[in-house]
Structure formats: C-alpha cells, structure tokens
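# Breakdown of the fold
Each chain is listed here by its residues.
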Amino acid sequence: MKTITYREAINQTLVQEMERDPAVFVYGLDVTDHKGIFGSTLGIEDKFGAERCFITPLSEDAMTGFALGAAINGLRPVHIHQRVDFMILGMNQFSNMYSSCRYMSGGKLKAPIVVRAVIGRGWGQSCQHSKSMHSVFAHIPGLKVVLPTTPRDAKGLLTTAIRDDNPVIVLEHRWLYDIEGEVPEGDYVIPIGKANIVRGGSEITVIATSWMNVEALKAAEVVQRKHGVEVEIVDPRTVYPLDEETIVASVKKTGHCIVADYDWVFCGFSAEIAAMVSERCFKELKTPVSRLGFAHTPCPTTRPLENKFYPSAVEIIRMVENKLGLELADLRGEEFYSYENKFKGPF
Amino acid sequence: MFLKSIINEDDCKKRTAMTNIELNKELYKKIYLMRKAEEKIQEVYYTDVMKTPVHLSLGEEAIVAGVCQALSVDDQVYGTCRGHALYLARSKNLGAFYGELCGKVTGVAKGKAGSMHISCPESGFVASSAIVSSTIPVALGAAFAAKYKKSNHIVAVFFGDGATEEGVFWETLNMACLKKLPILFVCEDNGMAIHAQIKDRQNYSIPEATRSFGLSVHSDDTTDSERIYSITEQAVQDIKKTDVPHLLHLKYHRYLEHVGVNEDYSAGYRGQKDDYADWYARDPVLFQREKLKLLGIIGDEIKLMETEIDQAINESTKLALDAPFPADSELFKDVYA
Ligand SMILES: Cc1ncc(C[n+]2csc(CCOP(=O)(O)OP(=O)(O)O)c2C)c(N)n1
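Note that the structure is predicted; figures quoted are calculated from it, not measured.

## Notes on the site of the ligand
- Taken together, 20 residues lie near the ligand, and Phe86 of chain A together with Val132, Gly160, Gly162 and Ala193 of chain B sit nearest.
- Flanking the ligand are residues from chains A and B.
- Mapped by element, the contributors of at least two residues to the shell around the ligand are strand E3 (155-160) and strand E5 (192-193) of chain B.
- Residues that form the shell around the ligand fall into these classes: 12 nonpolar, five polar and three charged.

The following block contains the structure:
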C-alpha cells in the first residue's frame, strides 16, 4: 500500500474510474484550471480530453439538471463544486428532480450522479463558503450523502459513489486534502453505509463526521494521557444510508455517546443520531446523548469568533470529562489544530 | 501626452470650467483612495493580520468611482465579493473599512463580514454577497420598494461578467423591465471568472442579449471615470424619466489574481502582462492624474490631495491594527432582529 494524500486519492480514483468506464465524465467550474479543485482534478483534462473533463458557465442550477439528463441517458456525471454553498443553487434539482426521478418513473429511470463539493473553513471563509449541508441533503429521500475523512475513505467511497446507480453527494472538507494515509492501489471500494471505527475504546463513544474525526482523535489522545480513559471514535462516513449497527454496538459497549457533527446542531444529523441511539440503546445509556456542532449563528469572518463558532477537540475533552465525572484537565501547553496548524496524518 | 488623444475634450467642455475641475478632483480623490487603500492591503496582507480572502479592485476604479459619482446619497448600491471600491466610493469611514478587514470590533460589521461581504447600509451600500449573482434579485426588490414608496431614488447593482451566466440574472432583467423598476445594472466585465475566459463560458454578447429584454444598454471600455460619470448621469435621468431599466456594460482589466494580493500572469491562463499593455497605459489613476494636470491643476495641489489620503489610510490601518477583537459574546448577537 502506498501513502498518499486525500487529494491524490481522489485524483487517482477519478482517473481509474474514467479509465474503467467511458460513461464517466467530470465537469464543473474551475475543474480544468491550474489549481484543479485543490489538486484533485489536475491532469484529468490532459488525460481524457475536453469531452470528458470540462468547465461550464457559472450556471449551477442548469448544470445540476444537466447531470440528471445525462445520467438518465446512460452517462455517469461527476459534477464538482468549489464549495457546498455554490452547489445549493441547484437545490431545486436535488430536492425536486434527482430525489424523485426513479420513484416517479416507477423504477424505470436511474440517476447515477456524483456531486463532489468542498466544505470550506478558515481564513475568513465566513458565512457563504463554509456550509456542510449534509443534514439537509440527507433529509431528502432519494439522495445518498457521503463524507470521506481519510485518504482511504476518499478513494473507496468515491469509487463506490461513481458506480452507484443513485445520486450520491460527496462532501469533502477543505482541511482534509493535505492529510496523508495508506491507500490500497488498484480497484478499491468501501460500501456506502458502512461506518469506520477510527479508534477503539471502551469507556465513551464519540460519533464524529468529517473534520470532527481529526478533532476527536486529538481529544481522545489527550483524554487518554490525562485521565487514562479510552475513547471510541466512530465515523459514520455516510450520513445516508446510515450504519446504525456499528454505532449502536459501540454505544451499548460504552454506555456514553457524544455526537460531534460538523454542522449546526438544531435539526441536524446529530439530532438524528441522538434519537436513534436513545431509542436503541436506552437501557445501556448511562448519560443522555450529548451533541456538539456549530454555534447557531451564521459563520463569522473574524478569527476569534470563528474559533467560537466551530466545535473543537477542547469541547470534546470537556464533554467527556463532564459525562464521566472527571476533573477538568489542565490543557495549557496542549497544541490544537487551526488553519495554520492542520493535521497532516497519518490516520 | 498620450491622454490628450484619449480624453474626450467635448465632454470636458460641456460643463462649466469650475464644476468640471471640481468633478475631476473629486473623481481623482476617489480613484486614488481606491488604489492606495488596496495597495495598503497588499502591503500588510502577508503579515496575516487580515484573515479574510480579498478580491481586490485594482483596475476597476474608474467604473466604481464614475458610476457612484453620478448617484445621489439616497440611491442604493449592491455589490459582490469584489466590493472594496464600492465601499470606498460610498462610505467615508476608512476606520471601519480596515477594522472590518482586520476582524476588529471597530469594523463596519464588527469583523463578522470581512472583505467578501463588506457593506455599509448607512451609506447606501446596502449589501454584497460572495455567492455570484445573488444580490442581483435583491436589488430588484429594493428597486420595487423605491417605486412602491414613491421615493425618487434608484438602485444600482454591480456584478461581473460571470454573474450574467446565472439564470437569476435574466429572470431579474425580465421582472425589472416588466415592472419598469428604477434599477441600474452595472456589469463590470473583466473578461474573466476566476481563471476562465469569457469565450469559454458565454455564447452571447452581453449588450445584445440584455438589450433584447427591453433595457437601455450602454457599452464602453473607457478608463476615464468622468466619461463613466457622464454615461451614468444620463442613465439615471433616463431611468427616472422613462421608467426603463438601464444596463451599463463596462470593461476593465483585472490587474491581480482573482483572490489574493498578487499578480499571477505567470500562471498562464490569460497571457502575459504585456498582452494587456493597452490597459496599463490607460490605467485609471494615471489617466485621471494626467487629466487634472491638463485641466491646469498644478502638481503641488495634486500632491496635497494624495498626501491627505495617504495619511488617512495609514492612520486608519494603524487604528485597526491596534483595535480589540470583538468579545466572544458578539458571536450570538444579531442572528435575529
Ligand atoms: C454561485 C457561485 N458559483 C461560483 C462561485 C465561485 N466564484 C467566486 S467569484 C467567481 C467568478 C465571478 O466572476 P465575475 O462574476 O465575472 O466577477 P469577478 O470575479 O470577475 O469580479 C466564481 C466562479 C461563487 N462564489 N458563487
């Protein structure tokens, strides 16, 4: 196995899938420029030509419907957005068209579409470049929603997404592109709907999405060192369909559950997990399910407020301590992640 | 000098000598301020005190200065993430400008908006947005409100050539013409959207296509702010008289990278700097400075204007750097009214 970055894993996957299946094509704003969507699309146009890799006008709504038309006619579009926030200009197509296309055709049509979009953060990305929206997309029946965290996830899940006969939305956190990790070469798939136990532990479960896995890992390391407590981290990886079994098994084992979601809390994915865990693990739960997420505000630009807006390892540590009745550890001297100090891996 | 041949002497003669001089001084101050304010950002950005992506206005100064000079204080403007020039054209509060870029409590939005969403509602720069085209229909609603309230104001909305590719742009044009709303569309066409050339994105001509909706359209590639002022002044009068929405299609050259403080010709996506020599020869600041000289304003007087602006920029930047960040509690303020 080779150690590669998240961006390389995505690039490699696109190349492999385009080589494997001539119906796969890649398009979206900026996909052919010298920056290549954080490097993830570099070289694709050169390799496959402008028919299979091209930019579009700034017309997200139409370009979203365009994928559906291509898909129901046998092609496999991969539509890419620099930010999730731009992708939602196609919300009508996602919620009214993609979602119900198969159902309303009585199962005659299928829409194998992948929409990749970047979740922004840091350096004042602010309110219109930082949304994740996975809770909103997953709310709509007919859409699948995937948040790969590691380079391995990126390859395995994107491959599966491209081969899936349904619309799959793949949300990639901007800070993950630099992360390195071991990735199997050649054909490699991870089923959609299978959680990943990022770290084994017996005393408390943290369900984390996307970047929150990095924060949770840091928190688990600190908690282990300061308190000798083993935190189990479960990354659902796919929001819908959801791997309930892995989550339930973990919480039944530990009796405590924290959901650290990279999204707003209210009406969000964390509420879904909390409800599910409460129903299925009611007897085993020693404390109520706790949730962490964005502050219930638009994302501010200025750094001090932005830091308050996002949940971090510190809040996870404090929540673990609180739930387990531990004394608050002295966190002075601990180094946490920031825009300037990003996690580089390996996982 | 080269400007003699470019400057439209007829335009100059139309106004009385005095107003003409005052107008051109005013325009020069605006353009010079825009240029120097951005250069200040270029100077300090590398120290990481402005943690906000910046889409600088270098090259487009004449458009924003000229259009805004022809608007009254009660006319509203709406903008994009490339909004610094618009702010500086409408607001005198430089401290709140740099405060915002530095994320300080003295910022016009207490640091919450940063560069990409900067505005100054109290000066009529009501909103800007970093989602391409999204203020265009908002300006439509503002124009509706102006008409509804029988105020005699108009609304000007600034956007790039790329924004015209969004459906909402055309939907807005239709409604504006249908309802005869007092709106001025200002398309700042730099021929680029990030790194993509217009020829790879558009299969229409902006003036022709927009004209077919029933708007009055004026195209120009001048860097003469006075000329843009005159065009706008005429457009505003027409809008008020005829109820026909107008669109100004104004070309310029973006000097820097799409976002950030550097030149990026070396990236190769739009040729080399030399390919744009014509634009640099007609640079809006140079142009206007030469024009002042032609109008008989002596170098000392120009220097005085410049020094005053330089000082204001330096002082405001220093104040912004020294100002405190907003308190944590600010995060939860103003989410709801
Ligand atoms: C809806 C949407 N799509 C894509 C983007 C990313 N983006 C930011 S600026 C920009 C180019 C805009 O070009 P134009 O409208 O011509 O304005 P300019 O940057 O040239 O001033 C793009 C594509 C965005 N912010 N919003």
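## Some words on helix H9 (residues 244-254) of chain A
Residues and elements named next belong to chain A.
- Along H9, the residues that are buried comprise Ile247, Ser250, Val251 and Thr254. Each buried residue of H9 sits inside an arc of 95° when the element is viewed along its axis, so together they form one side.
- Of the surrounding secondary structure, the elements contacted by the buried residues of H9 are strand E10 (204-208), strand E11 (231-235), strand E13 (257-264) and helix H10 (269-280).
- Where H9 ends, the next residue or the one after it, Gly255, has phi of about 80°, a positive value.

## Some details on the sheet that holds strand E12 (residues 238-240) of chain A
- Strand order in the open sheet formed by seven strands is E3-E2-E4-E5-E7-E6-E12 (chain A), and the pairing between neighbours is mixed. Only two strands of the sheet have a single partner each, and these edge strands are strand E3 (53-54) and E12 of chain A.

## Thoughts on the environment of Met34 of chain B
Residue and element names in this part refer to chain B.
- For Met34, the position within the fold is in helix H3 (residues 17-45).
- Residues Met34 and Ser216, spaced 182 residues apart in sequence, show a C-alpha to C-alpha distance of 29 Å.
- Among residues more than four places away in sequence, those in contact with Met34 are Ser57, Glu61, Val64, Ala65, Ala85 and Leu88.

## Focus on the domain arrangement of chain A
Residue and element names in this part refer to chain A.
- Entries for chain A in the domain assignment read domain 1 (2-183) and domain 2 (196-324).
- The distance between the C-alpha centroids of domain 1 and domain 2 comes to 26 Å.
- Domain 1 puts 21 residues into the contact, and the matching count from domain 2 is 19 residues.
- When the residues that make up the side of domain 1 that touches domain 2 are grouped by side-chain class, the tally is 11 nonpolar, eight polar and two charged.

What counts and what doesn't
- Residues numbered from 1 in each chain as written.
- Chains lettered and ligands numbered in written order.
- Predicted model: local features only at pLDDT ≥ 70, side-chain atom pairs only at ≥ 80, totals over all residues.
- Near = placed C-beta within 6 Å.
- Helix = DSSP H or I, 4+ residues; strand = E, 2+ residues; numbered from the N terminus.
- Nonpolar A, V, L, I, M, F, W, Y, C, P; charged D, E, K, R; others polar.
- Buried ≥ 20, exposed ≤ 12 C-beta atoms within 10 Å, placed from the backbone.
- Arc of directions from axis to C-beta.
- Contact = placed C-beta atoms within 7 Å.
- Pairing = 2+ DSSP bridges.
- Domains from an automatic or database assignment.

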